[in-house]
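# Descriptive structure summary
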Amino acid sequence: MTESPTAPSPVEATPGPFPLIAGKTALIVIDMQRDFILPGGFGESLGNDVNMLLKVVPPLTDLIAAARAAGMPVIHTREGHVPDLSDCPPAKLRRGAPSKRIGDPGEYGRILIRGEYGHDIIDELAPIDGEVVIDKPGKGAFYATDLQQILTEAGITQLLVTGVTTEVCVHTTTREANDRGYECLVVSDCVGSYFPEFQRIGLEMISAQGGIFGWVADSAAVIPAIAALPVDPVPASQS
Ligand code: C5J
């Protein structure tokens, strides 16, 4: 029997196969911003080893290329705040390291402030024309953003989740998406944490208990499944 063009392309994942569906899936790339990732930036100034995040870049580059080739929407997010910090709750502002807080001058401009060099996405993963960029004041990509409306209008029901950091913005966004009914596959080598133990445990938490809030697979499993999808000639509307 000939398969219907909309037949799912299964990804070998934990805790079980993830049925990737053409036209229903978007790739979300969370916070691949210079402030978190570049040597000399905010993340490193807090004592973190940015190599833990930099190693995500090559597999994520390949995954984004596969999504673009398949006509799959690619949605980027950036964590940050308006220059007067009116969208940054005092509790969040106070909790930074005392010497380096959101809005303070950093190596790449004011830390996590929209419009600053450090707030933007690293050159290697820069969005291309037509791709959605969500500016978010929180850790989750749904909080105080248009993301849900954009996904609904595009008919998206599944998310491939990537970016940094695994245990913070990736987790928060995946949990928010799961609560809203999206099926989420977190791509293990395309998410990164400064802390190896958080990376391992963070991934285990997602797929524990039969996939309590998602599936996990690496890019070597996801990319061939994307390539096997029928190419979406009209990618879901991107603004
Ligand atoms: C953090 C993020 N870790 N993108 N932000 O503060 O995970």
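Everything in this summary refers to the structure shown in the same document. A quick note: this is a predicted structure, and the numbers were derived from the prediction, not measured. Counting of residues starts from 1 at the beginning of each chain's written sequence and follows it residue by residue. Selection of residues for local features in this predicted model requires a pLDDT of at least 70, selection of side-chain atom pairs for listing and counting requires 80 or more, and totals for whole chains, interfaces and linings are taken over all residues.

## Some thoughts on the overall build of the protein chain
Condition: Numbering goes from the N terminus for both helices and strands, where a helix is a DSSP run of H or I of at least four residues and a strand is a run of E of at least two. Radius of gyration: C-alpha atoms only; globule rule: 2.2 Å multiplied by the number of residues to the exponent 0.38. Field definition: a residue is buried when 20 or more other C-beta atoms are found within 10 Å of its C-beta, exposed when 12 or fewer are, and partly exposed for counts in between, with C-beta atoms placed from the backbone. It is the C-beta atoms, placed from the backbone, that decide contacts: two residues are in contact if theirs lie within 7 Å.
The helix and strand inventory of the protein chain stands at nine helices and ten strands. Scaling as 2.2 N^0.38, a compact globule of 239 residues should have a C-alpha radius of gyration of about 18 Å, and the protein chain matches this with 17 Å. The principal-axis extents of the C-alpha atoms in the protein chain amount to approximately 65 × 35 × 30 Å. A total of 239 residues make up the protein chain; the buried ones form 44% of that total. Contacts spanning at least 24 positions in sequence make up 74% of the contacts within the protein chain whose residues lie at least 6 apart.

## Remarks on the environment of Val 161
For Val 161, the location among the structural elements is in strand β8 (residues 158–164). By the C-beta count within 10 Å, which is 28 here, Val 161 ends up buried. Excluding anything up to four places from it in sequence, Val 161 contacts Ile 28, Val 170, Thr 173, Thr 174, Cys 184, Leu 185, Val 186 and Val 187.

## Overview of the site of the ligand
Stated formally: Each residue receives a C-beta atom placed from its backbone. It is near a molecule or strand if this atom lies within 6 Å of it. Here the term charged refers only to Asp, Glu, Lys and Arg, the term nonpolar to Ala, Val, Leu, Ile, Met, Phe, Trp, Tyr, Cys and Pro, and the term polar to all other amino acids, Gly among them.
Taken together, Asp 31, Phe 36, Glu 79, Lys 139, Val 164, Thr 165, Val 168 and Cys 169 make up all the residues around the ligand. Its residues assigned to classes, the shell around the ligand shows four nonpolar, one polar and three charged.

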